[in-house]
Structure formats: C-alpha cells, structure tokens
Amino acid sequence: MTQPNGGGAFGMPGLDALASAGFSGVKIDPAQLTEIQQRFLRDFADLWRAMAAGEQEAAPLSDRRFAGEAWRSNAPYRYAAAFYLLTARAFGELADAVEADAKTRQRIRFAVSQWIDAMSPANFLATNPEAQRRLLESNGESLRLGLRNMLDDLTRGKISHTDESAFEVGRNVAVTEGAVVYENEYFQLLQYKPLTDKVHARPLLMVPPCINKFYILDLQPDSSLVRHVVEQGHTVFLVSWRNPDASMAGRTWDDYIEHAAIRAIDVVREISGQDRINVLGFCVGGTIVSTALAVMAARGERPAASLTLLTTLLDFSDTGVLDVFVDEAHVKLREATLGGAAGAPPALLRGVELANTFSFLRPNDLVWNYVVDSYLKGNSPVPFDLLFWNGDATNLPGPWYCWYLRHTYLQNDLKVPNRLTVCGEPVDLGLIDVPTFIYGSREDHIVPWTSAYASTALLSNELRFVLGASGHIAGVVNPPAKKKRSHWINDDLPATPNEWLAGATEVPGSWWPVWLEWLSEHAGALKAAPKRYGNKSYTPIEPAPGRYVKAKA
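What counts, and where the lines are drawn
- Residues numbered from 1 in each chain as written.
- Predicted model: local features only at pLDDT ≥ 70, side-chain atom pairs only at ≥ 80, totals over all residues.
- Heavy atoms only, no water.
- Helix = DSSP H or I, 4+ residues; strand = E, 2+ residues; numbered from the N terminus.
- Buried < 20%, exposed > 50% of the residue type's maximum accessible area, 1.4 Å probe, protein only.
- Contact = heavy atoms within 4.5 Å.
- Areas by Shrake-Rupley, 256 points an atom, 1.4 Å probe, with all protein chains shown as cover.
- Salt bridge = Lys/Arg side-chain N within 4 Å of Asp/Glu carboxyl O.
- UniProt positions renumbered as here; feature names shortened; annotations may be inferred.
- Axes fitted to C-alpha atoms, helices over the stretch in contact; angles between N-to-C directions.
- Parallel < 35°, antiparallel > 145°, perpendicular 65-115°, else oblique.
- Nonpolar A, V, L, I, M, F, W, Y, C, P; charged D, E, K, R; others polar.
- pLDDT = per-residue confidence, 0-100.
- Phe/Tyr/Trp six-rings, centres within 6.5 Å; stacked < 30°, edge-to-face > 60°.
- Lys NZ or Arg CZ within 6 Å of the ring centre and 35° of its normal.
- Core = buried A, V, L, I, M, F, W, Y, C linked by side-chain atoms within 4.5 Å.
- 1 Å grid on protein atoms, 1.4 Å probe; cavity = no way out; pocket = protein on both sides within 12 Å on 5 of 7 lines; lining within 4 Å.
- Points joined across faces, edges and corners; volume = space filled by probe spheres on them.
- Expected span 1.5 Å × (residues − 1).
- Bend = angle between axes of the 7 residues up to and from the residue.
- Polar contact = N/O pair within 3.5 Å; in protein donor to acceptor, adjacent residues only side chain to side chain.

A. View of the overall build of the protein. Scanning the protein for helices and strands turns up 18 helices and 17 strands. Taken along its principal axes, the extent of the C-alpha atoms in the protein is 80 × 60 × 55 Å. Buried positions account for 54% of the 553 residues belonging to the protein. If you take every contact in the protein between residues at least 6 apart in sequence, the share linking residues at least 24 apart comes to 79%. When the accessible surface of the protein is totalled, it reaches about 23,200 Å², and 53% of it is carbon and sulfur.

As structure tokens, this is what we get:
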C-alpha cells in the first residue's frame, strides 16, 4: 500500500521529505505517519506562537551545539536552532518508522542522520551567531584564519583534529623504553624493558589492530597500558605493524596470519624460552590473533597459556553502524578495484580513506565540530594525544581488506567451524581452548559490546567477560590512577548479554586491575628480570618504538 506523502504549507516531514533525501518508495504505516506529523505540527505551532509573542525562554536548547551564550541571548538564532531540532527529531522518527528489513532501515537512519547533522545552523557562518561575533570582534581575522585552516586541510585530504606539531612518535608518545628484537616485511616485534626486579616467567604478546598504529596502547606514560603492565611485573612484547606501501599491495589475510601473527608468537616463545605465552589482541588484532591460534590448533600446536580480547569481533552478526557500508555489491566493487579480481592489479586502501570513514561514524564530534571551530571561527586545533594517534593513518593491502570484508562483515564465516581455510588449515575457533578474558566497551559504536560478548559462545575453556564504560578507545585506555569511569563484572556467563548485564555489579574505576589479577594467574612464577633484550638468535635491531610506526600513509 502506498503511503500518503504529507507535507503542506509548513513543510512538515512526510514521505516526500524522505524521497527528497534520496529514499523514494519507502513505506510507513499511515497511523504512525499521521502521529509523527501531528506531533510535529503541534510543536511547530507552539514554537511559532512563542516566537511571535517574544517569549524569551520558550525555546530551550539542550543540544551542546547551541549551548553558547550567543545562541541563548539572540532570539532569532535561538528559535532557528529550536526549529532545526524539531525538524531533526521528526526526520529521525520518520526514519525509525520506515517499513523495511533491518539493514535497509539502518541505512536509512544512518543517511538521514548524516543529512540532519550536516544541515545544522551551527555549521554555516550565516546562521551561527558565535562565528559572526568572532568575525566582528577579530575585524575579519577569524575568516582569514578559517580559510587558511580549510585550505591546509584540503591539502592534507582530511580535517585536522589536533595540533599535530605538538607530538612526535618516540619523543612524547610511544616512549616506553624497549627495543626492536625482530622484524620482517609485515611487522617489528618490540620488547619492553622490565621495570621490576622480578617478572613473571610467561611474557605477554600484544597484537594491536593493523588498521591503526600500536601506540594507542602506549600514549603518554600516565595513560600507557604497555607501561602499566610492565610496572606490574610482566615482560611485554608488542607487534608494531608496518605501514604498507605499494610493494605490499598484494598481501593477503593468510600472509598476515602466517608471517605476522604466528611468526610473532613463535619468536616470543623462542626469546622467552616458554612453550606457552599469554596473548592479547585489540580490535582487529584480536580477530587476527584468534584466527592464528585456530590455525595453530589445527596443526596440533598450543602456544597460548591465555588469551585476552579487547573490543574484538569474532561473531560478526551485529557489527553496529559499520554494517551500513557492507553488502555484496560494495564488496564486489572493492574486490574489483583493490583486491586483484578479474586480473586487475591489487592496490592499497589508503589510510586517509579509512580515517575519513571512521570520522563520519560520529560526524558531530569528529567532523562538524572541527568545521565550526577551525573554519568558521578560525581557531587552531588544540594538542590532544589521542586525536594525534587517531589521525596517524595506516594503509591496508587491498586483498587483505577484501578478504576481511567478505569473510567477516559480509558472510560471518569465522563463526562457523571449518567453513574457512586459512594458511591451508580449517578454522575452528572452538579449538582455542585456553582461559580467555573478553572485554567490551558499553558505548562502543565500532564493536558493540553485545557482539564482543558473543565471543563467549565460540571459545572453549575458562571464559571471563568484563564490560567497561565509554567507547571503543576511551573505554580501553582507562588508567586506574585517573579514577575515571567504571566497569561491570559478573562471574556467570548466561546465554545473552542482556542477562549478563542484569546480573552484573558496577564497580567504580578502571577495569585494568581486574584483568591484571586474572593475567597474573596465567603468567607463571616470578623470576629475575632479564638484563638484556632478545637472546643470542634475536639481538636488538634499534630502540623502541622502531622505524615502522613512524612511516606515514
């Protein structure tokens, strides 16, 4: 049944509004559509009457984009913002009411939210009173500086989020003392200097995501997970991925498993003299290391004493907002343009493309906020180490990326035992029968915490799940000394994540101490700390953080 369009003299949102946004042919239940339109008309009329009567407080602005004094004290701008928020709410309700399959509805919601965020009056000089005041007070200097900032960003191909000149890898980020003890064309292996007289016998190998640089785990000393773990008496090794150039454009997922993850595990075992080591994977690093352990299990090898997975997807049934980018047509296009399909040469996925995509997952925080502050107001970005890391982009080999898209996000093949063959071996995650600590972040928009929890149904042995506050990065990087946020614990593992949360206890502060107590149970007895890096077969190559992390995309 075709639904009525709505619309009219007031331009109230209806199906014609969604059609004008690029969604023709959508359907909404007539009763629900009428309810949305009537609510919009009622609130619109109330705002119009208040504005006509000159009521100063009738348009409260709860949105932080309009929290400044210039918005509150200027009635025309305040009411313009209020009308925008009202219309934005109605468009959001229309998108939620569309009758379609879940993926189509998610795409409509995402596209509508992008359009709504872009059309905010805060984003334009003509409708932003704060930017106009700055223009007048600076005698036009803010406009000149804003244009300069915009031209600089056009040259870079990305919006600047921070003052990048304030940071340098190896000088004031990624400064935990250590050495490179092994390298090949895929990665450098870092070993960090002990900070205690005695260390646990079994070392910890950290495998960060290869779509970012490792030093999110080693920012400045007071927020470094690497340093904190070393301070607790653990020997830490870490994979520093090479930033691929054209010579690596043809590398595959199998290459990264065999020659990076498995090779790193073997080298750490050789250096430490331990048959089994503790392994940690963060985000895509967790997917990589889990695949590697499954491949090794199929070969009859059991190299891990424990596994830690931080904000990691193994079951890709629900991939959150990223799912809007993935379908068969998109993956085939990527395979044709990047993956070497149909005889075309493989190519790199450029890091700036990935960075811009992730920014638009949170456009108000990572796009329009900086457009307004930098371009409209002429401000220079302030130094912020996490945003410096976020902008330090990495490339990806096209075949690796295409395999990852198809077999995880599109087809969810890792979930099914023996559906995939990697490095010549069938992959069954259930063969990873080691104690496993699984961490999810409650507000994570990249790895929904419920999807992180889904890994508990795929792995064997003793499993522990802990939920932290905040998002994908801030939830993980939460040093205890800062006494920020909280976490939830529950020793039981019921069938569903919501059941787990219902029985969980909220604990103030960082989740790191809970994990470190668990890690120590699997790290072996204490022994004298090693006095040198590597061993006779693996001698130091250069000081940490090494060359690879400094290469720019």
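B. Region of the structure containing the pattern of salt bridges. Enumeration over the complete set of coordinates arrives at 38 salt bridges. The closest approach of N and O atoms between K213 and D392, which form a salt bridge, is 3.0 Å. Of this pair, K213 sits in the loop between strand 4 (204-207) and helix 8 (225-231) while D392 is found in the loop between helix 14 (385-390) and strand 9 (396-397), placing the two residues 179 residues apart along the sequence. Taken as a pair, K213 and D392 share a single burial class, namely buried. Across the pair D491 and R464 runs a salt bridge whose closest N-O atoms are separated by 3.8 Å. Taken as a pair, D491 in the loop between strand 14 (486-489) and helix 17 (497-502) and R464 in strand 13 (residues 463-468) lie far apart in primary sequence, 27 residues in all.

C. Main features of the UniProt feature "domain: Poly-beta-hydroxybutyrate polymerase N-terminal" (unreviewed entry) in the protein. Here, the residues flagged by UniProt with the feature "domain: Poly-beta-hydroxybutyrate polymerase N-terminal" (unreviewed entry) are residues 63-228. Note that residues 63-228 is 45% helix and 11% strand, and that its end C-alpha atoms are spaced 37 Å apart.

D. Broad picture of the packing of helix 7 (residues 141-156) against helix 13 (residues 363-376). Running from N to C, helix 7 and helix 13 point in directions that differ by 125°, and their axes come no closer than 7 Å. The angle between the axes of helix 7 and helix 13 places the two elements in the oblique class. Here helix 7 contributes S142, G146, N149, M150 and D153 to the contact with helix 13, which in turn contributes S374, Y375 and L376. Of the residues belonging to the contact of helix 7 with helix 13, the class tally is 3 nonpolar, 4 polar and 1 charged.

E. Geometry of the confidence of the model for the protein. Chain-level statistics for the protein give a pLDDT mean of 92 and a share of 95% at 70 or above. With pLDDT under 50 throughout, residues 1-11 is counted as low confidence; its partners more than four residues away or in other chains account for 20 contacts.

F. Summary view of the packing of aromatic side chains. Tallied over the full model, the rule gives 33 aromatic pairs. Taken together, a centroid distance of 6.1 Å and an interplanar angle of 75° make the contact between F66 and Y84 edge-to-face. On the criterion of sequence distance, the pair formed by F66 in the loop between helix 2 (30-52) and helix 3 (69-73) and Y84 in helix 4 (residues 75-97) is long-range, its members being 18 residues apart. Taking the relative accessible area as the measure of exposure, F66 reaches 0% and is therefore buried. Pairing W253 with W403 gives two aromatic rings, centres 4.7 Å apart and planes at 10°, and the pair type is stacked. On the criterion of sequence distance, the pair formed by W253 in helix 9 (residues 253-272) and W403 in helix 15 (residues 398-410) is long-range, its members being 150 residues apart. Among the aromatic residues, those joined into a cluster by ring pairs are Y186, W241, W253, Y256, F316, W400, W403, Y404 and Y409. Geometry around W488 places R442 over its ring, the cationic atom sitting 4.8 Å from the centre.

G. Seen up close, the nonpolar core. Counting 125 residues, the largest nonpolar core has L205, M206, Y215, W400 and W515 as its most contacted members. Element by element, the count of residues in this core is highest for helix 9, at 11 residues. Aside from chain neighbours lying at most four places away, what touches Y215 is V169, V173, A174, F388, W389, D392 and V549. Within the second largest apolar cluster, 29 residues are counted, among which are F44, A50, Y79 and A82.

H. Just empty space enclosed by the protein, in detail. What the rule picks out here adds up to 1 cavity of 30 Å³ or more. Each pocket or cavity is described by its volume, and for the largest cavity that value is around 70 Å³. Lining the largest cavity, in full, are L293, A297, E301, R302, P303, A304, L431, I432, D433 and V434. Tallied by class, the residues present in the lining of the largest cavity amount to 7 nonpolar, no polar and 3 charged.

I. Region of interest: the packing of helix 9 against helix 10 (residues 284-298). The interhelical angle for the contact between helix 9 and helix 10, taken along N-to-C directions, is 80°, at an axis separation of 9 Å. Judged by the angle between their axes, helix 9 and helix 10 are roughly perpendicular. Contacts between helix 9 and helix 10 involve W253, I257, A261, I262, I265, D266 and R269 from the first element and T287, I288, V289, T291, A292, L293, V295 and M296 from the second. Within the contact of helix 9 with helix 10, the residues separate by chemical class into 11 nonpolar, 2 polar and 2 charged.

J. Expanded view of helix 10. The end-to-end C-alpha separation of helix 10 is 21 Å, in line with the 21 Å expected for 15 residues at 1.5 Å each. Across the 15 residues of helix 10, 14 count as buried, placing the element largely inside the fold.

K. Quick peek at unusual backbone geometry. Cis geometry is found at the peptide bond from A544 to P545, where omega equals 10°. One can find P545 in the segment after strand 17 (542-543). Of note, C283 is a non-glycine position whose phi angle comes to about 55°, a positive value. Positionally, C283 belongs in the loop between strand 6 (277-282) and helix 10. Within the chain, C423 stands out as a residue other than glycine whose phi angle is a positive 55°.

L. Helix 13, seen in detail. The terminal C-alpha atoms of helix 13 lie 17 Å apart, and with 14 residues this falls more than 12% below the ideal 20 Å at 1.5 Å per residue. The largest bend in helix 13 amounts to roughly 30° and is located at N369. Along helix 13, the residues classified as buried are P363, L366, V367, Y370, V371, V372, S374, Y375 and L376. In this structure, the buried side of helix 13 is in contact with helix 5 (102-118), helix 6 (129-137), helix 7, helix 12 (351-359) and helix 14. Directly beyond the C-terminal end of helix 13, a positive phi value near 75° is found at G378.

M. The arrangement of the side chain of H487 in detail. With respect to the helices and strands, H487 occurs in strand 14. Polar contacts involving the side chain of H487 include one to the main-chain carbonyl oxygen of G509, which spans 2.9 Å. Non-local contacts of H487, meaning those with residues more than four positions away in its chain, are made with V466, L467, G468, T505, E506, V507, P508, G509, S510, W511 and V514.

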